[in-house]
Amino acid sequence: MEYHHGMVEKLTIITERVDDTPLLLAHMERMGLPSLLDEHFPTHGNWKGLSLGWTTTVWLAHILSEGNHRLSHVQPWVEKRLESLQACIGQAVRALDFSDDRLGDVLSALSHDTAWEGFEVALNGHLLRVYDLSPQRVRLDSTTASGYGSVTPEGLFQFGHSKDHRPDLPQVKVMLATLDPLGMPLATMVLPGHRADDPLYIPAILQVRQGLGRRGLLYIGDCKMGALETRAVLQAGGDFYLCPLSEVQMPADRLEKALAPVWSGEQVLTPVYREQEDGKQECIAEGFEWQETLTAEVDGQIITWTERRLAVRSQKQAQAAEAALRVRLEKAQNALLALNERGRGKKRFPDEASLRQAAEAIVAHYQVQGLLCLRYEEEVKERPVRRYRNRPATVRQEREIWVRVRVDEEAVEQAVRRLGWRVYVTNEGGERLSLPQAVLAYREQYTIDRGMGRLKGRPLSLTPMYLQRDDRVTGLIRLLTIALRVLTLLEFVVRRNLAVEDVPLTGLYAGNPKRATRRPTAERLLEAFQGITLTIVQESHQTSRHLTPLSPLQQRILALLGFSPNVYARLCTHSAKPP
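Structure report, in brief.

Here is what the cut-offs are and how they apply
Residues numbered from 1 in each chain as written. Predicted model: local features only at pLDDT ≥ 70, side-chain atom pairs only at ≥ 80, totals over all residues. Heavy atoms only, no water. Salt bridge = Lys/Arg side-chain N within 4 Å of Asp/Glu carboxyl O. Helix = DSSP H or I, 4+ residues; strand = E, 2+ residues; numbered from the N terminus. Buried < 20%, exposed > 50% of the residue type's maximum accessible area, 1.4 Å probe, protein only. Phe/Tyr/Trp six-rings, centres within 6.5 Å; stacked < 30°, edge-to-face > 60°. Lys NZ or Arg CZ within 6 Å of the ring centre and 35° of its normal. Pairing = 2+ DSSP bridges. Axes fitted to C-alpha atoms, helices over the stretch in contact; angles between N-to-C directions. Contact = heavy atoms within 4.5 Å. Parallel < 35°, antiparallel > 145°, perpendicular 65-115°, else oblique. Left-handed = near helix turned anticlockwise from the far one by under 90°. Nonpolar A, V, L, I, M, F, W, Y, C, P; charged D, E, K, R; others polar.

This part covers the pattern of salt bridges. Taken as a whole, this structure holds 28 salt bridges when the rule is applied. Between D239 and R209 there is a salt bridge, and its shortest N-O distance comes to 2.7 Å. Taken together, the positions of D239 in the loop between α9 (228–236) and β7 (240–244) and R209 in helix α8 (residues 201–212) put the pair 30 residues apart, joining distant regions of the chain. What makes D239 buried here is its relative accessible area of 1%. By relative accessible area, R209 is classed as buried at 10%. One salt bridge in this structure joins R309 and E292, with 3.7 Å as the shortest N-O distance. A residue pair is termed long-range when its members are at least 10 positions apart, and R309 in strand β10 (residues 301–314) and E292 in strand β9 (residues 281–298) qualify at 17 residues. When its relative accessible area of 5% is taken as the criterion, R309 is described as buried. Salt bridges sharing common partners tie together R450, R454, E491, R495 and E523.

Another point: the packing of aromatic side chains. Taken as a whole, this structure holds 7 aromatic pairs when the rule is applied. With a centroid separation of 5.2 Å and an interplanar angle of 65°, the aromatic rings of Y424 and Y442 are classed as edge-to-face. Linking Y424 in strand β13 (residues 421–426) with Y442 in helix α14 (residues 435–442), this pair joins segments that are 18 residues apart in sequence. Neither Y424 nor Y442 differs from the other in exposure class; each is buried. Taken together, F41, W116 and F119 form an aromatic cluster joined through their ring pairs. The positively charged end of R30 is found above the aromatic ring belonging to F563, 4.0 Å away from the centroid.

Right, let's get into the sheet that holds strand β8 (residues 270–275). Pairing within the open sheet is mixed, and its 9 strands lie in the order β5-β4-β3-β6-β7-β13-β10-β9-β8. Edge positions in the sheet fall to β5 (184–192) and β8, since each of these pairs with one other strand and no more. Within the sheet, the average angular offset between the axes of one strand and its neighbour, ignoring direction, is 25°. Alignment of β8 against β9, held across 6 bridges, turns out to be antiparallel. Its bridge partner being in β9, Y273 is matched across the sheet by C283. Here helix α7 (residues 113–130) sits on the sheet in contact with β4 (171–179) and β5, set at roughly 165° to β5.

Time to look at the environment of S162. Along the chain, the position of S162 falls in the loop between β3 (137–146) and β4. A relative accessible area of 10% places S162 in the buried class. Separated by 97 residues in the primary sequence, S162 and L259 have C-alpha atoms spaced 35 Å apart. Those residues within four positions of S162 in sequence are excluded, and the remaining contacts are T144, P167 and Q171.

This part covers the packing of helix α2 (residues 33–40) against helix α3 (residues 52–66). In contact at an axis separation of 7 Å, α2 and α3 are set at 135° when each is read in the N-to-C sense. Classed by the angle they form, the pair α2 and α3 counts as oblique. Where α2 crosses over α3, the two elements pack in a sense that is right-handed. For the pair α2 and α3, contact is made by L33, P34, L37 and D38 and by L52, G53, W54, T56, T57 and L60, respectively. In the contact of α2 with α3, the residues fall into 6 nonpolar, 3 polar and 1 charged.

Shown next as structure tokens:
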């Protein structure tokens, strides 16, 4: 916007949305991202302008601020923030540095496996040191990301079991290892979408070992981590594991045998309590444990170790399963009795065999086998037949088959007492990981699930993917796992300092400014900086800058993150323009 005062002076006013960009850039610079990216992904001599490290860092700021990773949206975003970006990073910034081709080159660079592995190792070490993190627990899980890439025999995009409930779209598989309690990624694997989950755990564990250079960690995963080979690798390497066993590894008959002392009253159960927000203790589970000796071969060596097996009954899961069972029983009874209905449009069964087949199909459909007593009865009825023309009136005998239904209460009671039970296994000693601690540790699985949700949904929005080249798909997923690190660390630092201060944070929730929280999310913390604007007034002899004043909430968030208001104030430096 330009104003002319007579024929002498020219006034230009530039307005830029700043929002959370300075905070994100300062946070990522502390994480060492620009320098580590430049160190591990060197560019060729034809690369001009902003370095790959700073190009990637600014792109990450765009992704986290806008919730959009599409390449074509970055250059227009940068064009509207050139002054503020240059003030934040202290370098000249051109919009051309963020063209589609340049960003595509960034993704291709990130797809180089050797360079990425070195970068992850260096980044993990830097973050552990800078943020004073003490690794103790690592979680592993996988997910799928659907897209519109072409399916080729050796390509990443393949059809497989979709965790997005989109079997019509090809997908890639992503394996993550994250650090507790942050949920911060430690290792990332990008694989073809049809790969099975079970074989992915050992490579992920080896990547974490290389990246952290530490042993004696507790690895936590779902039942797919429970393969004997995976547990043996962890045991042989001096690490620990905690995971549930699948129904294949712990069949119903073996579980029933293990639970027999509970039914007889010989086995005492240990309660598991969890503290609620109001400070009250709630009993969430109960269980017992026993030990078994295992033997397996690792790298040609036979190892033997003692494994603890924890049989745990979840209260809420048992209650929900019982309620679902009662509903299925009722529906099955109604469907079975409907077989006896007579009338127009109702199917008639000529013999007991056909009726039995229909009844057993209903029982199987509602999964209530062995819980209902079915009895079949046959009745012969005489049905009058009216006279018709030359045919006299007669009486016809018809056989009718009925099914009678009764709930086997004893069988239902036995089924109900088996509900909610699950067996967990660990090689960690009881003095360091008691049964209640193991249950609570596993139930924190939502931390990695939440990270997966962030990766695939808001704010990182990985799915659906429209990229076609496999190298760029790999690079994009790796880029977004860096963004996930940014979010988890930002959130962790604020929560840790709030716990030290013991004063909750207020003002984050629109419409309820007095609502306090000690566990704010990174998304809400960043949202608190929306609306900050930089105004640049250019006159013939000088340029002045004006920034929206920081609110008390914004200043406190900066302080909790260990930043001074100068993160934003440096945008307001006045510069004299020579005449």
